[in-house]
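Overview (structure and organization)
The residues making up each chain are set out below.
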Amino acid sequence: MSGGGFLRRVLAQNLELKFLALVIGLAIFYSREREETAERTLQVDVMTIGEQSLGDLVRVSPLPGKIEIAVRGPERQVAGLRADQIGPLALPIRAAVEEGRLELRRDMFNLPDGVRMLWADPAAIDFRFERRASKVVPVALELGDTDRDVVVDLERSAADPDEVLVTGAESIVGPIHELRTLRIELAGRRPGTMLQDVGLSVPRVESLTAAVESVRVAVVLVADLVDSERTGLPVEVVRGTDFDPGGTLVYGAEGLRAAVRVRGVRSVIEMLDASALRLFVQVDLNAFVDRDGDGVLEAEIPIQAVRAGESWSVVEITPAVVPMTWIPPPPPPAEEPLVETEGQPAAPAPAQATTSARAPAAPPP
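So, a few notes on the structure that sits alongside this text. These numbers come from a predicted model, not from an experiment. (Residues numbered from 1 in each chain as written. Predicted model: local features only at pLDDT ≥ 70, side-chain atom pairs only at ≥ 80, totals over all residues. Heavy atoms only, no water.)

Focus on the sheet that holds strand S3 (residues 66-73)
Across the sheet, which stays open at both edges, the 4 strands sit in the order S4-S1-S3-S6 with mixed pairing between neighbours. For this open sheet the edge positions go to strand S4 (89-92) and strand S6 (116-121), each flanked by a neighbour on one side alone. With strand direction ignored, the average angle separating the axes of adjacent strands in the sheet is 35 degrees. Summarising the sheet, strand S1 (residues 38-49) and S4 pair through 4 bridges and their orientation is parallel. Of the residues in S4, the one forming a bridge with Val 46 is Leu 89. (Pairing = 2+ DSSP bridges. Helix = DSSP H or I, 4+ residues; strand = E, 2+ residues; numbered from the N terminus. Axes fitted to C-alpha atoms, helices over the stretch in contact; angles between N-to-C directions.)

Put into structure tokens, the structure is as follows:
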């Protein structure tokens, strides 16, 4: 039998079975081909290994938040992959120091057998390092606005601790001269001491750390007191009842004016009208002294202010006193002896007339 005839006979036998086997083989082939071409992208976390062992070096280049990776492989394997299964991407910091740039490769990810990495974004990570530096800086209070008529006593307000150690790269630590607290809201607070734990506003730089995250703050609030001067205020003279109306009180009260310095809550002082400020001198005879024995009594009577309101007071009056003199009235004349004339009853001798200059009494308060 010739070889060609045998081959024709073999090919011609069981054609149906052979066709079926071909169809099944093609189906299996195309099924596997579809599984191998399945693709998917995932976002994987990034971390470094060995940064604590860098000694006096510190990384100043930021890490990307996520690495996007595209993979291809069997459909079932690819579909079941999770980012936390193939990551996080662990970067060896020592290799980064030596090379300065790390190319991302498949063996850096925990990919199952049969799954290929198509690409990663970014494809490489650049690193930069600096010398480590430390510095102690003061803590400054970041204060919000207070209500009207309330202010902060800055000399008595402070943080505990009032200084904090910061550590990081030289280029970052160098420009830091203070650490401010987070904003402390003071609206609605009345005078008194406010105690509160407040966080520190540390610059968001990966290589910078502070020794503490928060401080204990004492903020002292006081009333907003101000001084104001009012001038040209009239001074009223109030004469005591012990003065003999026949005497002479000299004080130059006509046109007398004084200046007043008042202190009180800001909003009250700003609205205070001069008519609310009443000044007077209380004149009593026992305040006068005859210093040189000439019969003229002298005194310096202090100027006073009528009692002020609850939110303000008078702290200074200029001038502070009013100089005055008191001339007592002359003694009454002695009685003259009776003179008798013949045929007429006795009559008193004629007396000389006297005058007394008086200052007009001031109106009562």
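Details of the environment of Gly 114
Looking at the secondary structure, you find Gly 114 in the loop between strand S5 (101-103) and S6. Considered as a pair, Gly 114 and Gln 77 are 37 residues apart in the sequence and their alpha carbons are 8.6 Å apart. With sequence-adjacent residues up to four places away left out, Gly 114 is seen in contact with Arg 72, Gly 73 and Pro 74. (Contact = heavy atoms within 4.5 Å.)

A look at unusual backbone geometry
Of note, the amide linkage connecting Asp 121 to Pro 122 takes the cis form, showing an omega dihedral of 0 degrees. Summarising the element assignment, Pro 122 is placed in the loop between S6 and strand S7 (124-126).

Remarks on the sheet that holds strand S20 (residues 297-302)
Taken in spatial order, the 3 strands of this open sheet run S17-S23-S20, and their pairing is antiparallel. One side of each edge strand has no neighbouring strand; the edge strands of this open sheet are strand S17 (248-250) and S20. Strand-to-strand, the axes of this sheet are offset by a mean angle of 25 degrees, without reference to chain direction. Direction of pairing for S17 relative to strand S23 (residues 321-327): antiparallel, over a ladder of 3 bridges. In the strand pairing of S23, Val 250 is matched with Thr 325.

What about the environment of Ala 259?
Along the chain, Ala 259 falls in strand S18 (residues 257-265). For Ala 259, a relative accessible area of 16% corresponds to the buried category. A C-alpha to C-alpha distance of 5.1 Å links Ala 259 and Thr 318, two positions 59 residues apart in sequence. Excluding its chain neighbours within four sequence positions, the residues that come into contact with Ala 259 are Glu 229, Arg 230, Thr 231, Glu 316, Ile 317 and Thr 318. (Buried < 20%, exposed > 50% of the residue type's maximum accessible area, 1.4 Å probe, protein only.)

Topic: the side chain of Ser 267
Within the secondary structure, Ser 267 sits in helix H7 (residues 266-271). There is a polar contact of 2.5 Å between the side chain of Ser 267 and the side chain of Asp 149. Setting aside residues up to four positions removed in sequence, Ser 267 forms contacts with Arg 148 and Asp 149. (Polar contact = N/O pair within 3.5 Å; in protein donor to acceptor, adjacent residues only side chain to side chain.)

Looking at the packing of aromatic side chains
Within this structure, the stated rule accounts for 3 aromatic pairs. Ring plane angle 10 degrees and centroid distance 6.3 Å describe the contact between Phe 127 and Phe 129, whose orientation is recorded as stacked. Since its relative accessible area comes to 10%, Phe 127 is described here as buried. Taken together, the aromatic side chains of Phe 243, Phe 288 and Trp 326 make up a single cluster linked through ring pairs. Of note, Arg 239 hangs over the ring of Phe 243, and the distance from its end group to the ring centre comes to 5.9 Å. (Phe/Tyr/Trp six-rings, centres within 6.5 Å; stacked < 30°, edge-to-face > 60°. Lys NZ or Arg CZ within 6 Å of the ring centre and 35° of its normal.)

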